[in-house]
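A look at the structure
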Amino acid sequence: MAKLPESFIDNLLSRIDLVEIIGTRVPLKKQGKDYSARCPFHDERSPSFTVSPSKQFYYCFGCGAKGTAISFLMNYDRLTFMDAVEDLAKRAGIEIPKDARPADTDGSRDMYAALEASSQFFQKQLAASDKAKTYLERRGVDAKSITAFGIGYAPEGFNGLIDALGSDERRRGLLEKTGMLSKSDNGRLYDKFRARIMFPIADRRGRVIAFGGRVLEKDDGPKYLNSPETPLFHKGRELYGLWQVKQAHNKIPRLIVVEGYMDVVSLFQHGITQAVATLGTATTPDHAELLFRNSADVVFCFDGDKAGRAAAWKAVESIIPRMRDGRQAFFLFLPEGEDPDTIVKTEGADGFEQRVNGAMTLSDYFFEELSKDVRLNTLEGKARLAEKVKPYLQKIPDGAFRDLMTERLQSVTGVLGAAVTEAPKTVPVGGISPKRSLVRAVITLLLQQPVLGREVEPPFAFADLEVPGIGLMVALLETIHARPDISTALLLETYEAHADYPALQKLALTDLPGDEAIWRQEFLDAIAQLNRQARQQRLSVLRQRMAQSGLSMQETEELRDLLKPN
């Protein structure tokens, strides 16, 4: 794979609004020219995460997280570098250079292709199966939903998929690696999914990574069968329907977590386009992080039976450590024997929404569940509840929610909860007035307005000045001339390994008074002064040399030129 040209990255990031990219994932608040938020990469009480629209750069004064839109998507959405670039390129409407596309060194591209081909095969089989179409009609699934979710049908028999797509050993190997085939004791490969309605599971970029299959008849094996773990699919990290939710919303107002594929499809069909489902497993910490990274409000919808309550508590254990301020979790328990699919069909979208709006808060469910079998009218019971609650309180990130949960524990039991300490306050860099110098002023202006570097053409007369920082300043100018469209964020990234990188970060985030015209004039004045200093330095060197050992003809001519009035 050829390296992506720096000019392409510069052009890509110049077309992306970093505030929009981050703002759809993290609640940002305008503060002067910039935006701030609580950092999404570490737990904190006071906002120390800053996004600069003019510099297209983010930085956290608390944990040091920093970078461009590319690094944000890599760290927040957990994308690879190329996946992040491809997402941004698609958003910006530009093509990635063909010779720079990644080679399929790990075989992932072929695996994605095999899964997409499988999905297309299942969709064709559905179109040809009266039995499968009748089942979906009976379940009330319309053609629009079938298309939106790519629903298909795995035919009966052991060789439908393998005969269609496994024409050679390599293709059969891909189908086996992606979980589409099973192997008998004697080594014979056969279709894993048979006589099932097929639900493709998409990743965060909309690519098929696995399937869930549902039987048409009750006695035809397990009700649901999911793909096994593969290099592309880890069920504890994925949510069914999240891709469709993202397509329906620029900013997701809330997420409703349900248990089944049909629940998601049915809710969508009734206009409730925020439903996702875990994939036959309890809510994991990865699920919780993924949910909250897409929406600050999450509603968990479970059956009201014993199994549903157990699943709900598993969700509590996963989300408690991720309950930063601003996040909300709710729990909705449906009548026994009902699920979101049946509720929305009998009560309509309004009825289901009414139930969602009346869901229990996390705090209410938390204390209700832990108070079971505890006699709160006794000292012993209160002590027991306090001991049960304390370990969970210790896992809640520092902030108002933890404080309020601690207060509630105290109000119920009279016992103080786990100690809650104040997070250290960060001092904004803008409050520190760095010592001013011409070189520092020029470097600051170059970092914040790289376009100013084009105002000075090489060779730079001041390059030989014997003053601190001149070498770094010249290097910055050379980088800007080599990459005329470079942004603040990319300029900083270029010098990430430099010994002075921490100082560069601070200068890049310092507030500059004035406007572009003032900054340009300040820059040109500073360059002019540095040129004069360089002239005086060279004059001193030549005069000293003339007094000591004399000058060459070339040096004599240079001295005459320097002595001429400007």
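Bear in mind the structure is a predicted one, so any value in this text is a computation, not a measurement.

When its secondary structure is counted, the protein chain shows 23 helices and 16 strands. Taking 24 Å as the expected radius of gyration for a compact globule of 566 residues, we find that the protein chain reaches 31 Å, considerably beyond that expectation. Dimensions of the protein chain, computed from the C-alpha atoms along their principal axes, are close to 105 × 70 × 45 Å. Sequence separation of at least 24 residues holds for 64% of the intrachain contacts in the protein chain that already meet a minimum separation of 6. Within the structure as shown, the protein chain displays about 28000 Å² of accessible surface, and the carbon and sulfur contribution to it stands at 50%.

Inspection of the entire model under this criterion finds 4 cavities of 30 Å³ or more. Here the largest cavity is characterised by a volume of approximately 70 Å³. Tyr76, Asp77, Arg78, Arg204, Lys246, Glu289, Leu290, Arg293 and Asn294 together form the lining of the largest cavity. A total of 4 residues in the lining of the largest cavity trace back to one element, the largest contributor, which is helix H12 (residues 285–294). Taken together, the residues of the lining of the largest cavity break down into 2 nonpolar, 1 polar and 6 charged.

Here we come to the nonpolar core. Counting residues in hydrophobic clusters, the biggest one holds 99 residues, and the most contacted among them are Tyr240, Phe300, Phe331 and Phe366. In terms of residues, this core owes the most to one element, helix H5 (residues 108–128), which gives 7 residues. Those residues in contact with Tyr240 that sit more than four places away from it in its chain are Phe149, Phe199, Pro200, Ile201, Tyr261, Val264, Val265, Ala275, Val276, Ala277 and Leu279. Of all hydrophobic cores here, the second largest spans 69 residues; its members include Ala69, Ile70, Leu445 and Tyr495.

Moving on, we get to the pattern of salt bridges. The full count for this structure, using the stated rule, is 28 salt bridges. Note that Arg205 and Glu86 form a salt bridge whose closest N and O atoms lie 2.5 Å from each other. Residue Arg205 is found in the loop between strand S9 (196–202) and strand S10 (208–215), and its partner Glu86 is found in helix H4 (residues 81–92); the two are separated by 119 residues along the sequence. With relative accessibility at 19%, the residue Arg205 sits in the buried group. Put simply, Arg355 and Glu347 hold a salt bridge, and the shortest N to O gap is 2.8 Å. Of the residues examined, Glu347 reaches a relative accessible area of 36% and is grouped as partly exposed.

Here we come to the packing of helix H3 (residues 69–76) against H4. Two elements in contact, H3 and H4, have axes separated by 9 Å at closest approach and are oriented at 120°. Considering their axes alone, H3 and H4 lie oblique with respect to each other. The interaxial crossing formed by H3 with H4 has right-handed handedness. Contact residues: Ala69, Ile70, Leu73 and Met74 in H3; Phe81, Ala84, Val85, Asp87 and Leu88 in H4. Considering only residue class, the contact of H3 with H4 consists of 8 nonpolar, no polar and 1 charged.

What the 4 strands build is an open sheet, ordered S6-S9-S10-S11; its pairing is antiparallel. Each end of this open sheet is capped by a strand with a single partner; those strands are strand S6 (152–154) and strand S11 (224–226). Within this sheet the neighbouring strands show an average axis-to-axis angle of 35°, counted without direction. As defined by bridge partners, S9 adjoins S10 across 7 bridges and the pair is classed as antiparallel. Each residue of the ladder has a partner; that of Ala202, found in S10, is Val208. The strands touched by helix H6 (residues 130–138) within the sheet are S6, S9 and S10, with S9 carrying the most contacts at an inclination of about 70°. Across the sheet, helix H11 (residues 261–269) lies against S9, S10 and S11, angled at about 75° from S9, the strand it touches most.

Now for the confidence of the model for the protein chain. Taken as a whole, the protein chain shows an average pLDDT of 86; of its residues, 92% reach a score of 70 or greater. By mean pLDDT, helix H23 (residues 553–563) is the weakest element of the protein chain at 68, and S6 is the strongest at 97. Scored below 50 in pLDDT, residues 418–435 shows 24 contacts in the model against residues more than four places distant or in partner chains.

Compared with the 24 Å implied by 1.5 Å per residue over 17 residues, the 25 Å span of helix H16 (residues 379–395) between its first and last C-alpha is a close match. Among the residues making up H16, those that are buried are Gly381, Leu385, Ala386, Val389, Tyr392 and Leu393. Contacts made by the buried residues of H16 are with helix H13 (306–319), helix H15 (362–370) and helix H17 (400–413).

Before going further, it helps to spend a moment on the packing of aromatic side chains. This structure, assessed with the given rule, holds 27 aromatic pairs. For the pair Phe149 and Phe268, a centre-to-centre distance of 5.2 Å together with 90° between the ring planes defines the contact as edge-to-face. Residue Phe149 is found in helix H7 (residues 143–149), and its partner Phe268 is found in helix H11; the two are separated by 119 residues along the sequence. By relative accessible area, which is 4% here, Phe149 ends up buried. In this structure an aromatic cluster arises from ring pairing among Phe300, Phe302, Trp313, Phe331, Phe333, Tyr365, Phe366, Phe367 and Tyr392. Residue placement shows Arg207 over the ring face of Tyr112; its charged tip is 4.1 Å from the ring centre.

Time to look at the pairing of strand S2 (residues 34–37). Sheet analysis places strand S1 (residues 29–31) next to S2, joined by 3 bridges and oriented antiparallel. Bridged to Gln31 within S2 is Asp34. Between the antiparallel neighbours S1 and S2 lie 2 residues, among them Gly32 with a positive phi of about 65°.

Inspection of the secondary structure assignment puts Glu20 in helix H2 (residues 18–23). By relative accessible area, which is 42% here, Glu20 ends up partly exposed. Placed 230 residues apart in sequence, Glu20 and Asn250 show a C-alpha to C-alpha distance of 10.0 Å.

Right, let's talk about the sheet that holds strand S4 (residues 57–60) for a bit. In space, the 5 strands of this open sheet follow the order S1-S2-S3-S4-S5, with antiparallel pairing throughout. At either margin of the open sheet sits one strand with a lone partner, and together these are S1 and strand S5 (66–67). As paired elements, S2 and strand S3 (residues 49–52) share 3 bridges and run antiparallel to each other. Paired with Tyr35 across the two strands is Val51, which belongs to S3. Lying on the sheet, H3 is in contact with S3, S4 and S5; it crosses S4 at an angle near 50°.

Definitions and cut-offs
- Residues numbered from 1 in each chain as written.
- Predicted model: local features only at pLDDT ≥ 70, side-chain atom pairs only at ≥ 80, totals over all residues.
- Heavy atoms only, no water.
- Helix = DSSP H or I, 4+ residues; strand = E, 2+ residues; numbered from the N terminus.
- Rg over C-alpha atoms; globule rule 2.2 N^0.38 Å.
- Contact = heavy atoms within 4.5 Å.
- Areas by Shrake-Rupley, 256 points an atom, 1.4 Å probe, with all protein chains shown as cover.
- 1 Å grid on protein atoms, 1.4 Å probe; cavity = no way out; pocket = protein on both sides within 12 Å on 5 of 7 lines; lining within 4 Å.
- Points joined across faces, edges and corners; volume = space filled by probe spheres on them.
- Nonpolar A, V, L, I, M, F, W, Y, C, P; charged D, E, K, R; others polar.
- Core = buried A, V, L, I, M, F, W, Y, C linked by side-chain atoms within 4.5 Å.
- Buried < 20%, exposed > 50% of the residue type's maximum accessible area, 1.4 Å probe, protein only.
- Salt bridge = Lys/Arg side-chain N within 4 Å of Asp/Glu carboxyl O.
- Axes fitted to C-alpha atoms, helices over the stretch in contact; angles between N-to-C directions.
- Parallel < 35°, antiparallel > 145°, perpendicular 65-115°, else oblique.
- Left-handed = near helix turned anticlockwise from the far one by under 90°.
- Pairing = 2+ DSSP bridges.
- pLDDT = per-residue confidence, 0-100.
- Expected span 1.5 Å × (residues − 1).
- Phe/Tyr/Trp six-rings, centres within 6.5 Å; stacked < 30°, edge-to-face > 60°.
- Lys NZ or Arg CZ within 6 Å of the ring centre and 35° of its normal.

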